[in-house]
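# Secondary and tertiary structure notes
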Amino acid sequence: MTATLVDAVRAARETGDYQTVLESIPYMKFLGLVVEADEKGPICRMPGSDHIIGNPVLPAIHGGVVGALLESTAIMHIMWSRESLHVPKIINLTVEYLRSARVVDTYAQAVITKQGRRIANMRVEAWQADREKPVAAAHAHFLLPREDA
Amino acid sequence: MDVDPKSLTWGDKMGMMLASGEGQSKALGLSLESCTRERTVLRLPWQEKLVGDPTARVLHGGVITTLIDSACGFALMSHLEKLADIATLDLRIDYLQPAVPDQDVLAGAEVYKLTSSIAFLRASAYQTDGDPIANAVATFMLGANAPKYQTKRG
C-alpha cells in the first residue's frame, strides 16, 4: 500500500499525470474522481452517478460528497504543488452550499490562500455547467506532511 | 409479515427509510443506531474503500463529512417528525484525530436551535463514546426546494 502511493507520486513528477496518485487513494477512486491540471493546478471532476445521490427526490448530490470533492481537490492541489509523497492531514473544513448540486459532472479547483511551513490555508470552489455559478465553496486548513523523500 | 404502520415509532420509520435508501447512504452502508427527537446517531461500517491515506489506512475526511451531514439531516427530520424539504447551508468540521482503522464510526447530531426557516445543529463523530474524532456545527435551511410552500408571509 505504502509503496503504491509513493511510487505513483514519483511517477507523476515525471509525467505530470496525477490520476495514478488519485487512484492510489481508495476513497477518491470510490467517488470516481478524474484529475486534470491546468497552469493553476489540478481540476478534479466527479462524474454524476446514482451512488453519490443524497436527495433522490430532486435529485441532488449528497452534500457530504460535495464536501468530499472539495477536500479531495485541496489534497490533490497540495500534493501537486509540493510534489508531496504523503497525504496532508485535514484540520478543519467549512463548506458553504451555494446551489443545489444536480447529478451531473461536478468540477473543483483549489487555491492556496496562505502556505506556511506546517499549515496550508486553502480555498476551493466546485461548479457544474457554469464556472461562474459555483455550487459550493470551502475554506480548509491542512497540516502539511513532513517530507522524508 | 405485515407491520401496522401505526405501531411504528418515528425512529422505526427513519431506520426503514435509511435501510431502503439509495445513493450515497447505501453506498456507504449507513445505518440508524438510535433516533429520538433530541438526538440521532448513525453508524458507518469501516471499509477499506473509504480510506483517504493508504499509508496509515485512515478514513478520508470526506467520509466523515458525509456521515456527519447525513446525521444532521436525519436529526433535523427526526426533530421535526416529518420528511421536511431541507438543505445544508453551511457545515463546519474540526477533524480532531484520525479514525482508527477497522473500527466503525458513529455520528450523533442534535438540533440546538430551530427558527421558521433555519435549523442550527451540533454533531460529532466518534469511535469511542466521549472521545470524538470530529466535531461539527451545521446550518440547514427549511423549505429549501419548495417555493410553493413559502407563501405564508407576515
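Reading the values: the criteria
- Residues numbered from 1 in each chain as written.
- Chains lettered and ligands numbered in written order.
- Predicted model: local features only at pLDDT ≥ 70, side-chain atom pairs only at ≥ 80, totals over all residues.
- Heavy atoms only, no water.
- Helix = DSSP H or I, 4+ residues; strand = E, 2+ residues; numbered from the N terminus.
- Rg over C-alpha atoms; globule rule 2.2 N^0.38 Å.
- Buried < 20%, exposed > 50% of the residue type's maximum accessible area, 1.4 Å probe, protein only.
- Contact = heavy atoms within 4.5 Å.
- Areas by Shrake-Rupley, 256 points an atom, 1.4 Å probe, with all protein chains shown as cover.
- Pairing = 2+ DSSP bridges.
- Salt bridge = Lys/Arg side-chain N within 4 Å of Asp/Glu carboxyl O.
- Polar contact = N/O pair within 3.5 Å; in protein donor to acceptor, adjacent residues only side chain to side chain.
- Nonpolar A, V, L, I, M, F, W, Y, C, P; charged D, E, K, R; others polar.
- Arc of directions from axis to C-beta.
- Phe/Tyr/Trp six-rings, centres within 6.5 Å; stacked < 30°, edge-to-face > 60°.
- Lys NZ or Arg CZ within 6 Å of the ring centre and 35° of its normal.
- Axes fitted to C-alpha atoms, helices over the stretch in contact; angles between N-to-C directions.
- Parallel < 35°, antiparallel > 145°, perpendicular 65-115°, else oblique.
- Left-handed = near helix turned anticlockwise from the far one by under 90°.

Moving on to the overall build of chain A. A count of helices and strands for chain A gives 4 helices and 8 strands. Sequence-ordered secondary structure for chain A, helices as α and strands as β, is α-α-α-β-β-β-β-α-β-β-β-β. Relative to the compact-globule value of 15 Å for 149 residues, chain A shows a C-alpha radius of gyration of 15 Å, a close match. Dimensions along the principal axes, computed over C-alpha positions, put chain A at roughly 50 × 30 × 25 Å. Counting only residues that meet the buried cut, chain A has 52% of its 149 residues in that class. Within chain A, residue pairs in contact and separated by at least 24 positions form 61% of the contacts whose partners lie at least 6 positions apart.

Within chain B, the regular secondary structure consists of 3 helices and 8 strands. Going from N to C terminus, chain B has its helices and strands arranged as α-α-β-β-β-β-α-β-β-β-β. The burial tally for chain B puts 48% of its 154 residues in the buried class. Contacts in chain B between residues far apart in sequence, at least 24 positions, make up 59% of those at least 6 positions apart. Accessible surface, chain B as shown: approximately 7,600 Å² in total, 53% of it carbon and sulfur.

Residues and elements named next belong to chain A. Extensive coverage of strand S2 (residues 41-46) is indicated by the burial of 5 of its 6 residues. What sits between strand S1 (residues 34-38) and S2 in their antiparallel hairpin is a turn of 2 residues. In terms of strand pairing, S2 meets strand S6 (residues 106-115) through 4 bridges, oriented antiparallel. Its bridge partner being in S6, Ile-43 is matched across the sheet by Gln-109.

This paragraph deals with the pattern of salt bridges. In this structure the tally under the stated criterion is 9 salt bridges over all chains. Across the pair Arg-45 of chain A and Asp-105 of chain A runs a salt bridge whose closest N-O atoms are separated by 3.2 Å. Of this pair, Arg-45 of chain A sits in strand S2 while Asp-105 of chain A sits in the loop between strand S5 (89-97) and S6, placing them 60 residues apart in sequence. Judged by its relative accessible area of 28%, Asp-105 of chain A falls in the partly exposed class. Residues Glu-48 of chain B and Arg-57 of chain B are paired through a salt bridge, measuring 3.1 Å at the closest nitrogen-oxygen approach.

This next bit is on the interface of chain A and chain B. Contact with chain A, which involves 32 residues of that partner, is made by 30 residues of chain B. The tally of links from chain A across to chain B stands at 0 salt bridges. Scanning the region where chain A abuts chain B turns up 16 residue pairs in polar contact (both at pLDDT 80 or more). A class-by-class count of the residues in the side of chain A that touches chain B yields 19 nonpolar, 10 polar and 3 charged. With 5 bridges connecting them, S5 of chain A and strand S5 (residues 86-95) of chain B associate as antiparallel partners. Bridging across to S5 of chain B, Leu-93 of chain A finds its partner in Ile-93 of chain B.

Right, let's talk about helix H1 (residues 10-19) of chain B for a bit. Each α-helix turn comprises 3.6 residues. Residues three or four places apart therefore point the same way. All names here are of chain B. All of the buried residues along H1 are Trp-10, Gly-11, Met-14 and Leu-18. Each buried residue of H1 lies within a common arc of 100 degrees when the element is viewed along its axis, so the set occupies one face. Its buried side turned inward, H1 meets helix H2 (23-28), strand S1 (31-35), strand S2 (40-44) and helix H3 (61-80).

Okay, the environment of Trp-46 of chain B next. Residue and element names in this part refer to chain B. Position of Trp-46 relative to the elements: it lies in the loop between S2 and strand S3 (51-53). The spacing of Trp-46 and Ser-124 is 78 residues in sequence and 17 Å in space, taken between C-alpha atoms. Those residues in contact with Trp-46 that sit more than four places away from it in its chain are Val-51, Arg-57, Leu-59, Val-100, Pro-101, Asp-102, Gln-103 and Asp-104.

Residue and element names in this part refer to chain B. A complete count under the given rule lists 3 aromatic pairs over all chains for this structure. Ring geometry for Tyr-112 versus Phe-120: centroids 6.4 Å apart, planes at 50 degrees, classification tilted. Here Tyr-112 falls in the partly exposed class, since its relative accessible area comes to 43%. Looking at Phe-120, the relative accessible area reads 28%, which means it is partly exposed. The ring of Tyr-112 carries the charged tip of Arg-122 above its face, separated from the ring centre by 4.2 Å.

When two helices pack together, their arrangement is given by the angle between their axes and by how far apart the axes lie. Two elements in contact, helix H4 (residues 63-82) of chain A and H3 of chain B, have axes separated by 8 Å at closest approach and are oriented at 160 degrees. It follows from the interaxial angle that H4 of chain A and H3 of chain B lie roughly antiparallel. Between H4 of chain A and H3 of chain B lies a crossing whose hand is right-handed. On H3 of chain B, the residues touching Gly-63, Gly-64, Val-65, Gly-67, Ala-68 and Glu-71 of chain A of H4 of chain A are Gly-61, Gly-62, Thr-65, Thr-66 and Asp-69 of chain B. The residue inventory of the contact of H4 of chain A with H3 of chain B, partitioned by class, reads 2 nonpolar, 7 polar and 2 charged.

By themselves, these figures tell us nothing about what the structure is for.
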